[in-house]
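Structural characterization, general
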Amino acid sequence: MVIGVDPHKHSVTIEVVDGRERVLHKGRYGTDTDGYRQMLAAIKRFPQHRWAVEGCNGIGRHVAQRLVADGETVVDVPAKLAARARVFDTGNGRKTDPADAHSVAVVALRTRDLVEVRPDDELVALRLLVDRRDELGRTRTQTVNRLHRLLLELVPGGAKRFLSAPQAQTLLDSVAPTDVAGRVRHQLATELLAEIVVLDAKMKASDKTLRKAVAATGTGLLDLYGIGPASAARILGDVADVARFGTRARFASWNGTAPLDASSGAQQRHRLSRAGNRRINRALHIMAIVQIRHDTDGRAYFRRRVAAGKTKMEALRALKRRLSDVVFRQLVADAKKASPGGHTEATTTSSAADPAPTVGSSDQSQPGLAAKPTTPHLNDRPTQPRRSTRTRPAAHGPNARRPGPAENHDEPEPPQHPTPGHT
């Protein structure tokens, strides 16, 4: 028996179907304590069953975690699969709660590799901390933008783009408006500056808490150049069990750094993927920008791609694809260290909050691999002893030790075909 669940904030609609997709029970229950108990009582007459909840990464998370805590077996049904089942079912694709519950149950019956939900208290804690850190960052950016708008009218020429609190204080101290509007602007700018100081302190404390939480997991992500506590926590929280990705190509497809195959007939081309987990894609983008700005092998790889005829945006995407492999290898190494059994194949068990690993994009690591590679290194890389490839210095200053390269030495460099103008 499969119990399809269409979750909402205050209610859930369920439908019980057997192996022949015959409907045995359906109903709507509240998500409060009484409604939850009534739903479990109604399911007691079906001893052999499993739950299929739509969107365990979103609105269905609270229901899925409660069921798992009570010892129930729960699988996560992506909303995209449920929508496809509803469209091709009878009823002209009408979207109602009972129809959604039915489509969720049908998908669970017909699909074998759905992600099984499991308790993830530590990962949930990481996600909560990194979500809070992102909120603080967005709030600070908005506050700085408001301050820029006022400084433009108070200081001739305004202020530079990246403005720190001490620099803003110096600018405010340099002006003493005499008109009424100017004094009000000065007062509001002072209040905004005080908010920025408070936000900076909160962000610093949040980074410290995140660093401790990430270090407690034993991961080596913080040793990779360009990954800070927030990015490491985001990667750990969203990836959870790296074993669900059979290869690094699937991981790149999931995070949106692998290009999509757009070939037709004799024309062979690939285009930029806008699918995938955009939060992980952003973390990889930040990692790439940090490596480009400093004297790293990532910068050297970026410059070689530009010298080979790529645009800067295309070279950046190629670097992000390489860094995806670096992060994947580190996650696999962490998994091997935590479990002596090692990382062999993908698994169907994962976290309740994990996005589905299949995003409908190409599984190709990169297009256009040479049929008979002559060297495991990059074709344009001069032959020389390789340096350490994993660690980064404790500081990013000019005297810091050079980090390892961002390149993937497992296969030769293939051509890239991204779409310019989008990161």
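Please read all numbers here as calculations on a predicted model, not as lab measurements.

Calculation rules
- Residues numbered from 1 in each chain as written.
- Predicted model: local features only at pLDDT ≥ 70, side-chain atom pairs only at ≥ 80, totals over all residues.
- Heavy atoms only, no water.
- Helix = DSSP H or I, 4+ residues; strand = E, 2+ residues; numbered from the N terminus.
- Buried < 20%, exposed > 50% of the residue type's maximum accessible area, 1.4 Å probe, protein only.
- Contact = heavy atoms within 4.5 Å.
- Areas by Shrake-Rupley, 256 points an atom, 1.4 Å probe, with all protein chains shown as cover.
- Patch = residues over 30% accessible without salt bridge, like charges linked within 9 Å, V, L, I, M, F, W, Y side chains within 5 Å.
- Salt bridge = Lys/Arg side-chain N within 4 Å of Asp/Glu carboxyl O.
- Lys, Arg positive; Asp, Glu negative; His and termini not counted.
- Charge placed at Lys NZ, Arg CZ, Asp CG, Glu CD.

When its secondary structure is counted, the protein chain shows 12 helices and eight strands. Taking all 423 residues of the protein chain together, the buried fraction comes to 46%. Long-range contacts, defined here as pairs at least 24 residues apart, represent 68% of the contacts in the protein chain between residues at least 6 apart. A total of about 21800 Å² of accessible surface is found on the protein chain, and carbon and sulfur atoms cover 53% of it.

Moving on, we get to helix α9 (residues 248–255). Counting buried positions over the eight residues of α9 gives seven, a clear majority of the element. For α9, the full list of buried residues reads Arg248, Ala249, Phe251, Ala252, Ser253, Trp254 and Asn255. Where α9 is buried, its residues meet α8 (229–239), α10 (278–293) and α12 (312–338). Immediately beyond the C-terminal end of α9, within one or two residues, lies Gly256, with a positive phi of roughly 85°.

It is worth spelling out unusual backbone geometry at this point. One non-glycine residue, Glu21, lies in the positive phi region at around 65°. Structurally, the position occupied by Glu21 is in the loop between β2 (11–17) and β3 (23–30). In this model, Ala240 sits at a positive phi of 60°, which is unusual for a non-glycine residue. When its relative accessible area of 24% is taken as the criterion, Ala240 is described as partly exposed.

Right, let's talk about a positive patch on the surface for a bit. On the surface, Arg269, Arg271, Arg274 and Arg278 cluster together into a patch of positive charge. In this fold, Arg278 is placed in helix α10. Note on Arg278: relative accessible area 33%, which makes it partly exposed.

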